[in-house]
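Overview (structure and organization)
Each chain, written out:
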Amino acid sequence: MSLKDKLDKNKIPQHIAIIMDGNGRWAKQRQHERTFGHENGVISVRETVEAAAEIGVKFLTLYAFSTENWNRPKDEVDALMSLLVKTINEETKTLNKNNIRLQAIGDLESLEKDTYNELQKAIENTATNSQMTLILALSYSSRWEICNAIQKIAKQIENKSITSNEINQDFISANLNTANYPDPELLIRTSGEYRISNFLLWQIAYAELFFTPVLWPDFRKENLYEAIFDFQNRERRFGKISEQLLNFKI
Ligand code: IPE
Ligand code: IPE
Ligand code: MG
């Protein structure tokens, strides 16, 4: 029996974020170049996107390329960027068929022109889809995003469109790249690494974290169900105590 049947359909997280890690190690285990791992990772992306949309997840954010990943060997960066363009090209049709809207967060202007143009084209072509929003984090890092937000806010103070006491949590959220999306309730990282690697630091303040040893190219629908099943069996207390959540009089 699939874990899918055990999921509580009323408790599906509306936003899941995934740090897709382990492509290089997966390839190495098979005596292949790292790029082979990235290519196979695309199959996992396809499966995960399909599974998430099917069960009613509304936002899925995938960490595809970090600001720090620019420091990898040029060959690998180039291969990742061509793979990205190729994948976006090939998958737009499927996104439309499944009613999925594509969005992107990160320093998109740092992408090569070709990559940037393909991405924008796919974003426009899928803009009216409404089943799920797929958000690619590209040339993204959370500290970059937060610096960017602070600059935007500082400019609004400079030109006197706001005063400093209007800065609150909602205002900061509204100046991040993720302004139009709710915070993720569940963050998954594959490949057995227990770190966040500069991903959505502000947004995951109360996310449930799920770490799996599965390398990203091996990640399949069942692995996503497993993470959601685990999530559904946790108690999210948000600082309160259990009894308050159960509505007991205390
Ligand atoms: C994740 O896999 C993909 C990207 C970061 C682009 P890695 O390439 O980091 O694979 P490992 O962690 O070296 O195995
Ligand atoms: C995080 O993976 C970035 C992405 C998945 C895109 P990394 O493999 O780059 O992270 P570190 O360097 O191991 O922390
Ligand atoms: Mg890695």
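For the structure, check the block above.
The text that follows walks through the structure, step by step, so that each part is easy to find. (Residues numbered from 1 in each chain as written. Chains lettered and ligands numbered in written order. Predicted model: local features only at pLDDT ≥ 70, side-chain atom pairs only at ≥ 80, totals over all residues. Heavy atoms only, no water.)

Lining the immediate surroundings of ligand 2 are Ile19, Met20, Asp21, Tyr63, Ala64, Phe65, Ser66, Asn69, Arg72, Arg189, Arg195 and Ser197. Side-chain polar atom of serine 197 to an oxygen atom of ligand 2: 2.6 Å apart, as the coordinates give it. Contact with the protein chains covers 78% of the free accessible surface of ligand 2, which is 390 Å². Looking at which element gives the most residues to the shell around ligand 2, the answer is strand S2 (residues 59-66), with 4 residues. In terms of residue class, the shell around ligand 2 is built from 5 nonpolar, 3 polar and 4 charged. (Near = heavy atom within 4 Å. Polar contact = N/O pair within 3.5 Å; in protein donor to acceptor, adjacent residues only side chain to side chain. Areas by Shrake-Rupley, 256 points an atom, 1.4 Å probe, with all protein chains shown as cover. Helix = DSSP H or I, 4+ residues; strand = E, 2+ residues; numbered from the N terminus. Nonpolar A, V, L, I, M, F, W, Y, C, P; charged D, E, K, R; others polar.)

Now for helix H4 (residues 113-125). Look at H4: 18 Å from first C-alpha to last across 13 residues, which is about the 18 Å you get at 1.5 Å a residue. For H4, the set of buried residues is Thr115, Glu118, Leu119, Ala122 and Ile123. Viewed along the axis of H4, the buried residues span an arc of 135°, placing them on a single side of the element. Seen from the buried face of H4, the exposed residues on the opposite side, beyond 90 degrees, are Lys113, Asp114 and Glu124. Tucked into the core, H4 has its buried residues touching helix H3 (74-97), strand S3 (100-105) and strand S4 (132-140). (Expected span 1.5 Å × (residues − 1). Buried < 20%, exposed > 50% of the residue type's maximum accessible area, 1.4 Å probe, protein only. Arc of directions from axis to C-beta. Contact = heavy atoms within 4.5 Å.)

Moving on to the sheet that holds strand S1 (residues 15-19). The 6 strands are arranged S3-S4-S2-S1-S5-S6 in an open sheet whose pairing can be described as parallel. At either end of the open sheet lies a strand with only one pairing partner, and these are S3 and strand S6 (208-211). Across the sheet, the axes of successive neighbouring strands diverge by a mean angle of 20°, strand direction being ignored. Pairing geometry for S3 and S4, over 6 bridges, is parallel. Looking at S4, one finds that isoleucine 105 is bridged to alanine 137. Contacts from helix H2 (residues 34-55) reach S1, S2, S3 and S4 within the one sheet, and its direction differs from that of S2 by about 160°. (Pairing = 2+ DSSP bridges. Axes fitted to C-alpha atoms, helices over the stretch in contact; angles between N-to-C directions.)

All right, on to the nonpolar core then. Of all hydrophobic cores here, the largest spans 43 residues; its most connected members are Ile16, Ile18, Leu60, Leu119, Ile188 and Leu224. Element by element, the count of residues in this core is highest for H3, at 6 residues. Excluding residues that lie within four positions of it along the chain, leucine 60 makes contacts with His15, Ile16, Ile18, Thr48, Val49, Ala52, Met132, Thr133, Leu134 and Ile135. In this structure, Ala17, Ile105, Ile135 and Leu200 belong to the second largest nonpolar core, which totals 15 residues. (Core = buried A, V, L, I, M, F, W, Y, C linked by side-chain atoms within 4.5 Å.)

If you check the backbone angles, glutamine 31 has positive phi at about 55° while not being a glycine. In this structure, lysine 160 is a non-glycine residue whose phi angle is positive, near 65°. Tracing the sequence through the fold places lysine 160 in the loop between helix H5 (142-158) and helix H6 (169-174).

Moving on, we come to the site of ligand 1. The full set close to ligand 1 counts 13 residues, and Asp21, Gly24, Arg25, Arg34 and Arg72 are the nearest of them. Within the side chain of aspartate 21, one N or O atom sits 2.8 Å away from an oxygen atom of ligand 1. In this structure, arginine 34 approaches ligand 1 through a side-chain N or O atom, which is 2.8 Å from an oxygen atom. Of the residues contributing to the shell around ligand 1, the split by class is 3 nonpolar, 5 polar and 5 charged.

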